[in-house]
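Breakdown of the fold
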Amino acid sequence: MLFGLAQPASAHANLVSTDPGEGAVLQVAPKQIRFTFDEAVRGVPDGVQVFDSSGGPVEASATVSGVELKVALSKPPRNGTTVIVWRVVSEDGHPIGGSLTFSVGAPTAGATPPPSDSAGTPEVPWALTLARWLSYLALFLAAGLVAFAALFLPGDQQVNGARRRLAVSARAAAAVAAVAWLAGLPLTGIYLLDGGPTLLTRGSTWSSLPLTEYAVPAIVVAGLLLAVALLGRGLPPPAGERADGRPRLRRGAAVVAAAAAVMAPALTGHTRAASPEILVVGVDMLHLLAGSIWLGGLAALAMTLPDLSGRGAVAAEVLTRFSTTAAGVLAALVAAGFVLAWRILGSWGPLLDTTYGQLLLVKIGIVLVAIAIAAWNRWSLLPRLKRATKQQDRRAHSRPVLRATAIEAAVLVTVLLVTGFLVDKSPEGDPAPASTVAKTEPGTRSTTLGEIQLQATLAPLTRGPNTVTIKLTTATGEPTEGVAPPLVRLSSDQVALGEVPLTQVSPGLYTARVVLPAPGAWRMQISLRVSQFANPVSELEFVTKG
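The paragraphs below set out a description of the structure included in this document. Since this is a predicted model, take the numbers as computed values, not measurements.

Examining the pattern of salt bridges
Per the stated rule, a full pass over the model turns up five salt bridges. Among the ionic pairs, arginine 489 bridges to glutamate 499, the shortest N-O distance being 4.0 Å. Here the residue arginine 489 occupies a position in strand 14 (residues 487-491), and glutamate 499 occupies one in strand 15 (residues 496-500), the gap between them amounting to 10 residues. With a relative accessible area of 36%, glutamate 499 lands in the partly exposed category.

Right under this line is the structure:
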């Protein structure tokens, strides 16, 4: 039922409209500038800067409410061009930015936005990507080792050495995970605010981070520390001592704490921007839990098999237990990954057209390699080990299993490396480029935006009143529509008329009346949102007579 009711997924926020529009020439200075996005956004300290026609800063205040960013100027801008550079954070945690230019009276010659790295979605710094990868790797290892020691090792004294080794390794991995997740907090703050380390000395930097950015590392660190503390040395009661069930209860509590830690990251990132949120976050938790059991279990096998192979049939017993569980874990991992990709990307196109989709395909390919190794281990190597009766034979057959397990674990570490890049990439691709503009009649131009054919007409191509006509069709000539109506702006070298208000006449047909104040070359910029992730823009040129 949830699948049937699910709405299309969304990527990071997109700027839908501004008031005044980009390039607008106003007769009266606005009291307030409004930016409207297609999803809720958060403001950041010093996220808005305003510059007057001479390039000097203008005092302004910015407020964010839901999908709107409002900028109030301390005093009306003077005549000429005003530039506003803005930066906000979308619901999935990605910062986005850009600039808006408008003029009062007449444009200022040569006025351009100041240099800024905030246009679009800025690149994630390598230090944050490295911290992400290390934090996920250590988290998966620590949680997986705790689960393996508690669930898959038999409760007898002959595996005490293996238990101690896993407990020590789990503590080390938990310590690394704690450091990496806590280090991610200041790095995230620097990334969101687009500044340097000096930002960390300001209280506004820390207060600008959403609650989830603090809650997730806190849950991860507390959960892992509790898990390794409950696991202790992982030893069963000494022989002959009454077993009252408390060690088993502690191991169960350790598994629960580790599971809480490994599922916490699902509360942030792309899943928060996909719908229905409760479904996607739940599936992401399952995906993380399954991945940690798989990777941590493989690492645990690689650490314990050399010791277990010389202790009778214990190695085969442990392998059989883990292999049986791993089959279900793998099925859950694949199913959850499929649902997450479907809800985050929304369609097949972004798999090939976006960096996020391409990285996801690389991740899928590497996982398939790991699955092939796991299948070879399960159906070929493990049966040979189970059939071995002599200790020498068991040691001989355990070595190929150990090598395959180590290779499989290394492949999954590579998967996590790709994931470290993936979590900081937006599912939204670059705007689709418009095709070459085709010239037909003097007042008609044709172009292609995405897969939609667009025909624009400006008539009668003279100074004074003119009619703009926009026609949208499919490749076969049938009327069609984009996700939103087209946006049209007109400008020349001397004047910018700003956005032209279109009126829809019929499906795929829009018109508008404009007054061209001077003859010469006029540029018509047309943008059309053709999908959730693509908003191609084309510029057409018309030459008018006096």
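Structural notes on a nonpolar patch on the surface
On the surface, Leu352, Leu361, Ile364 and Leu368 cluster together to form a nonpolar patch covering roughly 370 Å² of accessible area. Within the secondary structure layout, leucine 368 lies in helix 10 (residues 355-387).

Some words on the sheet that holds strand 2 (residues 25-26)
Reading across from one edge, 2-9-8-4-5 is the order of the five strands in this open sheet, with mixed pairing throughout. Looking at strand neighbours, the two that pair on one side only are strand 2 and strand 5 (57-58), the edges of this open sheet.

What to know about the sheet that holds strand 7 (residues 68-73)
Pairing between the strands of a sheet is mediated by backbone hydrogen bonds and can be parallel or antiparallel. Read across the open sheet, the four strands follow the order 1-3-7-6; overall the sheet is antiparallel. On the outer flanks of this sheet lie strand 1 (15-19) and strand 6 (60-65), each paired with one strand and no other. Averaged over all adjacent pairs, the angle separating strand axes in this sheet is 15 degrees, with direction ignored. Inspection of the sheet shows strand 3 (residues 32-37) paired to strand 7 by five bridges, in the antiparallel sense. Bridge pairing links glutamine 32 to alanine 72 in strand 7.

A few points about the environment of proline 57
Looking at the element boundaries, proline 57 is found in strand 5. Remark: the alpha-carbon pair of proline 57 and valine 83, spanning 26 residues in sequence, is separated by 9.6 Å. In contact with proline 57, other than residues within four places in its own chain, are Val50 and Phe51.

A short note on the packing of helix 3 (residues 160-193) against helix 5 (residues 211-231)
When two helices pack together, their arrangement is given by the angle between their axes and by how far apart the axes lie. Interhelical geometry of helix 3 versus helix 5 gives an angle of 170 degrees and a closest axis separation of 10 Å. It follows that helix 3 is roughly antiparallel to helix 5 by the angle criterion. Across the interface between the two elements, Ala167, Ala170, Arg171, Ala174, Ala177, Ala178, Trp181, Leu182, Leu185 and Thr188 from helix 3 touch Glu213, Tyr214, Val216, Pro217, Val220, Val221, Leu224, Val228 and Leu231 from helix 5. Residues of the contact of helix 3 with helix 5, tallied by class, amount to 16 nonpolar, one polar and two charged.

Conventions and cut-offs
Residues numbered from 1 in each chain as written. Predicted model: local features only at pLDDT ≥ 70, side-chain atom pairs only at ≥ 80, totals over all residues. Heavy atoms only, no water. Salt bridge = Lys/Arg side-chain N within 4 Å of Asp/Glu carboxyl O. Helix = DSSP H or I, 4+ residues; strand = E, 2+ residues; numbered from the N terminus. Buried < 20%, exposed > 50% of the residue type's maximum accessible area, 1.4 Å probe, protein only. Patch = residues over 30% accessible without salt bridge, like charges linked within 9 Å, V, L, I, M, F, W, Y side chains within 5 Å. Areas by Shrake-Rupley, 256 points an atom, 1.4 Å probe, with all protein chains shown as cover. Pairing = 2+ DSSP bridges. Axes fitted to C-alpha atoms, helices over the stretch in contact; angles between N-to-C directions. Contact = heavy atoms within 4.5 Å. Parallel < 35°, antiparallel > 145°, perpendicular 65-115°, else oblique. Nonpolar A, V, L, I, M, F, W, Y, C, P; charged D, E, K, R; others polar.

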